[in-house]
Amino acid sequence: MESLTNKKKVLEAKPLNFWERAYLPAILSGLSITMKHFFRKPVTIKYPEVKREFSENYRGLHSLKRDENGKERCTACGLCALSCPAEAITMIAAERQPGEENLYREEKYAAVYEINMLRCIFCGLCEEACPKEAIYLDGDIVPTDFLRKDFIYGKDKLVEAPLNQ
Amino acid sequence: MELSLVIEKFILVAVIFGISLVTAMYSTYAERKVAAFLQDRIGPNRAGPFGIFQPMADGAKMFMKEEIIPTQSSGLLFIVGPSLAILTACIGSAVIPWGQQLTIGSRVIDLQVTDINVGILYIFGVVSLGVYGIMIGGWASNNKYSLLGAIRAASQNISYEIAMGLSIIALLMLTGTLSLKEIAQQQHGFWANGWFTWNVFRQPLGFLIFIICAFAETNRSPFDLPECETELVGGYHTEYSSMKLGFYLFAEYINMFISSAVMATLYFGGYNFPFMHHLGLSENLVTILGVVALFAKIIFFIFFFMWVRWTIPRFRYDQLMDLGWKVLIPLAIANIVLTGIFATVFK
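Residues numbered from 1 in each chain as written. Chains lettered and ligands numbered in written order. Predicted model: local features only at pLDDT ≥ 70, side-chain atom pairs only at ≥ 80, totals over all residues. Heavy atoms only, no water.

### Structural notes on the overall build of chain A
Move 1: Broken down by element type, chain A carries five helices and five strands.
Move 2: Order of helices (α) and strands (β) in chain A, N terminus to C terminus: α-α-β-α-β-β-α-β-β-α.
Move 3: Rg of the C-alpha trace for chain A: 28 Å, well past the compact-globule value of 15 Å for 165 residues, more than 25% over.
Move 4: With the C-alpha coordinates of chain A rotated into their principal frame, the extents come out at 90 × 50 × 30 Å.
Move 5: Out of the 165 residues belonging to chain A, those deemed buried represent 28%.
Move 6: Sequence-distant contacts in chain A: of pairs separated by 6 or more residues, those separated by 24 or more amount to 70%.
Move 7: For chain A, the accessible surface area stands at approximately 12400 Å², while carbon and sulfur atoms represent 55% of it. (Helix = DSSP H or I, 4+ residues; strand = E, 2+ residues; numbered from the N terminus. Rg over C-alpha atoms; globule rule 2.2 N^0.38 Å. Buried < 20%, exposed > 50% of the residue type's maximum accessible area, 1.4 Å probe, protein only. Contact = heavy atoms within 4.5 Å. Areas by Shrake-Rupley, 256 points an atom, 1.4 Å probe, with all protein chains shown as cover.)

### Digging into the side chain of Gln187(B)
Move 1: Along the chain, the position of Gln187(B) falls in the loop between helix H6 (180-186) and strand E3 (191-192).
Move 2: Leaving out residues up to four positions away in the same chain, Gln187(B) has contacts with Thr197(B), Trp198(B), Asn199(B), Thr265(B), Leu266(B), Tyr267(B), Phe268(B), Gly269(B) and Asn272(B).

### Topic: the interface of chain A and chain B
You'll often see interface size given as the accessible area lost when the parts meet.
Move 1: Contact residues are listed per partner, giving 17 residues for chain A and 17 residues for chain B.
Move 2: Approximately 1500 Å² of surface area, both sides summed, lies buried where chain A meets chain B, with 71% of it carried by carbon and sulfur atoms.
Move 3: When residues of chain A are sorted by the area they lose upon contact with chain B, Leu31(A), Thr34(A) and Phe38(A) head the list and together hold 35% of the total.
Move 4: The tally of links from chain A across to chain B stands at one salt bridge.
Move 5: Between Glu49(A) and Arg46(B) there is a salt bridge; the shortest N-O distance is 3.0 Å.
Move 6: Where chain A touches chain B, the interface holds six residue pairs in polar contact (both at pLDDT 80 or more).
Move 7: Classifying every residue of the side of chain A that touches chain B by side-chain character gives nine nonpolar, four polar and four charged. (Buried area = accessible area lost by both parts, 1.4 Å probe. Salt bridge = Lys/Arg side-chain N within 4 Å of Asp/Glu carboxyl O. Polar contact = N/O pair within 3.5 Å; in protein donor to acceptor, adjacent residues only side chain to side chain. Nonpolar A, V, L, I, M, F, W, Y, C, P; charged D, E, K, R; others polar.)

### Thoughts on the packing of helix H5 (residues 144-175) of chain B against helix H7 (residues 204-217) of chain B
Residue and element names in this part refer to chain B.
Move 1: Between H5 and H7, whose axes approach to 9 Å, the crossing angle comes to 155 degrees. When the interaxial angle is binned, H5 and H7 end up roughly antiparallel. For the pair H5 and H7, the crossing hand works out as left-handed. Contacts between H5 and H7 pair Gln156, Asn157, Tyr160, Glu161, Ala163, Met164, Ser167 and Ile168 from the former with Gly206, Ile209, Phe210, Ile212, Cys213, Ala214, Ala216 and Glu217 from the latter.
Move 2: Grouping the amino acids of the contact of H5 with H7 by side-chain chemistry returns ten nonpolar, four polar and two charged. (Axes fitted to C-alpha atoms, helices over the stretch in contact; angles between N-to-C directions. Parallel < 35°, antiparallel > 145°, perpendicular 65-115°, else oblique. Left-handed = near helix turned anticlockwise from the far one by under 90°.)

### As for the packing of aromatic side chains
Move 1: Across all of its chains, the model carries 28 aromatic pairs over all chains by this definition.
Move 2: Taking the centre distance of 6.1 Å and the plane angle of 75 degrees together, the rings of Phe215(B) and Phe304(B) count as edge-to-face. Pair noted here: Phe215(B) is in helix H7 and Phe304(B) is in helix H10 (residues 283-309), with a separation of 89 residues, a long-range link. Phe304(B) shares its class with Phe215(B); the two are buried.
Move 3: It is Lys157(A) that lies over the ring of Tyr153(A); its NZ or CZ is 4.2 Å from the centre.
Move 4: Directly above the aromatic system of Trp198(B) lies the positively charged group of Lys297(B), at a separation of 4.1 Å from the ring centroid. (Phe/Tyr/Trp six-rings, centres within 6.5 Å; stacked < 30°, edge-to-face > 60°. Lys NZ or Arg CZ within 6 Å of the ring centre and 35° of its normal.)

### With respect to the pattern of salt bridges
Any two side chains of opposite charge can pair, given that their charged atoms come close.
Residue and element names in this part refer to chain B.
Move 1: This model, assessed by the stated rule, comprises 16 salt bridges over all chains.
Move 2: Two residues, Glu31 and Arg220, come together in a salt bridge whose shortest N-O distance is 2.9 Å. Here Glu31, found in helix H1 (residues 3-38), pairs with Arg220, found in the loop between H7 and helix H8 (229-232); they are 189 residues apart in sequence, far enough to count as distant. For the residue pair Glu31 and Arg220, the accessibility class agrees, reading buried in each case.
Move 3: Through salt bridges that share partners, Glu31, Arg220, Glu252 and Arg309 make up one connected network.

### A short note on the pairing of strand E3 (residues 108-116) of chain A
Residues and elements named next belong to chain A.
Move 1: Relative to E3, strand E2 (residues 89-95) is paired through seven bridges, and the arrangement is antiparallel. In the strand pairing of E3, Met91 is matched with Tyr113.
Move 2: Pairing of E3 with strand E5 (residues 152-153), which is carried by two bridges, proceeds in the antiparallel orientation. By the bridge assignment, Ile115 is partnered in E5 with Tyr153. (Pairing = 2+ DSSP bridges.)

### Looking at unusual backbone geometry
Residues and elements named next belong to chain B.
Move 1: We note that Phe50 has phi near 55 degrees; this positive angle belongs to a residue other than glycine.
Move 2: Within the secondary structure layout, Phe50 lies in the loop between H1 and helix H2 (54-64).
Move 3: A relative accessible area of 66% means that Phe50 is categorised as exposed.

### Digging into empty space enclosed by the protein
Residues and elements named next belong to chain B.
Move 1: Under the definition given, this model contains three cavities of 30 Å³ or more.
Move 2: Lining the largest cavity are 30 residues, and of these Val126, Val127, Glu217, Thr218 and Asn255 lie nearest its centre.
Move 3: Put simply, the parts of the chain that give the lining of the largest cavity at least two residues each are helix H3 (75-91), helix H4 (119-140), H5, H7 and helix H9 (242-267).
Move 4: The class makeup of the residues in the lining of the largest cavity is 19 nonpolar, eight polar and three charged. (1 Å grid on protein atoms, 1.4 Å probe; cavity = no way out; pocket = protein on both sides within 12 Å on 5 of 7 lines; lining within 4 Å. Points joined across faces, edges and corners; volume = space filled by probe spheres on them.)

### Observations regarding the sheet that holds E5(A)
Move 1: A sheet is described by the order of its strands in space; here three strands give the open sequence E2-E3-E5 (chain A), paired in antiparallel fashion. Edge strands, defined here as strands with exactly one partner in the open sheet, are E2 and E5 of chain A.

### Notes on the pairing of strand E1 (residues 101-104) of chain B
Move 1: Note that E1(B) and strand E2 (residues 107-110) of chain B share four bridges and pair antiparallel. Along E2(B), the bridge assignment pairs Gln101(B) with Asp110(B).

### A few points about the nonpolar core
Move 1: If you look at the biggest cluster of nonpolar residues, it comprises 91 residues, and the most contacted ones within it are Trp98(B), Tyr160(B), Ile168(B), Phe223(B), Leu266(B) and Ile298(B).
Move 2: Per-element tally for this core: the top contributor is H9(B), with 16 residues.
Move 3: Listed in part, the 24 residues of the second largest apolar core include Cys80(A), Ala88(A), Cys120(A) and Val142(A). (Core = buried A, V, L, I, M, F, W, Y, C linked by side-chain atoms within 4.5 Å.)

Given below as structure tokens:
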């Protein structure tokens, strides 16, 4: 059949010559290649002590942001939870009480905000969906733990540290 | 026999036993390090500085692990297998000359446990016994993979022992003795009468055959078909756990050490090193340097074993048999004929 792409390449199976059949020259060249690697610098990054540098747009642990006055940006609109393909985000909204204006930016806020790190696929869709620029995946790798329940991160772990401290 | 001789030999045996165990222990560490370096990695580096306590940690782990003996296995043989493997691996070191004589006071100490006049045959006998450990273990496991591994080990060892023996015959035609001590003495120094004294320069082809067979006899890659993970799960030690498995793995490393020592003694001059008697050093110092030289050669060979392992892939089983029967044995016989002609012409 006529080749459609013209990329076909006919290879000829040549019989091996004596030195190729003797196998030893091939072994010697293989040994020299591995010996070159012996003196090469290891590519290993010694993980807990040294960490690989993340790229600018690396998506790691989530953080809930505060605005310039230190108020929580999240208004518990639920768009992040809606956009989450892994259904990792749950939240309970609450109304801001008088006297809490320094804590929450708008009248509604998330009283409970939980992300299940075992479900999260770090796709970043919550970040894209958020209209208030409240959630960013700008953190580190999720640390290991022993129990499944400890991977459900609440507001204590997610919200950014307050400004004046 | 006088008591002091018994004590002397006992100390020598204990020291050599200890050295071969420690060398085997650190071979496991070296293997992992060499593998890592050849693959641009670092290797074990957590237990102690540079990971030098790794073998101890591995050993402790092996002892702590749960011992599982399959109910369908044959009880006694299942235990005899690894015991025989480690036993035969250890007793091979008895006839290897580790050095010349040490003179302490008026006492002259040979650095060899025993100089039997059939030293090479003894080594061959012990090596052939070693395969019984593997065969018994594989048979007693009552597992098809173990049995296949054991069969492979047995047929491979039998095939390569022939070529190995034939390559040794050519060497013996030159040395005229089976005693390893005398063979080592004949290779004194490095240069004499216009040619190198080391046997590798008289028997290059024989050495090549011998080293290939040594790889096959110790079940090292590229001839590690008896424990070929991709085909046989774990090979003959599939059913073994805990320190019984440890003994099998350990026996392989001791075998590697012993065969390195045999190769160094037979072909690379043993404890001899260049200019050993032209430096004007005292006899004892020359002996100690000789021991160091022998260990340097052994370590080089152990490194070579690992270097090859992490370079070339495993043979297919029919290729292995082809190589053994159709290539190495005819080559070894040709080597005998050539050696005979050379020995007669250049006498």
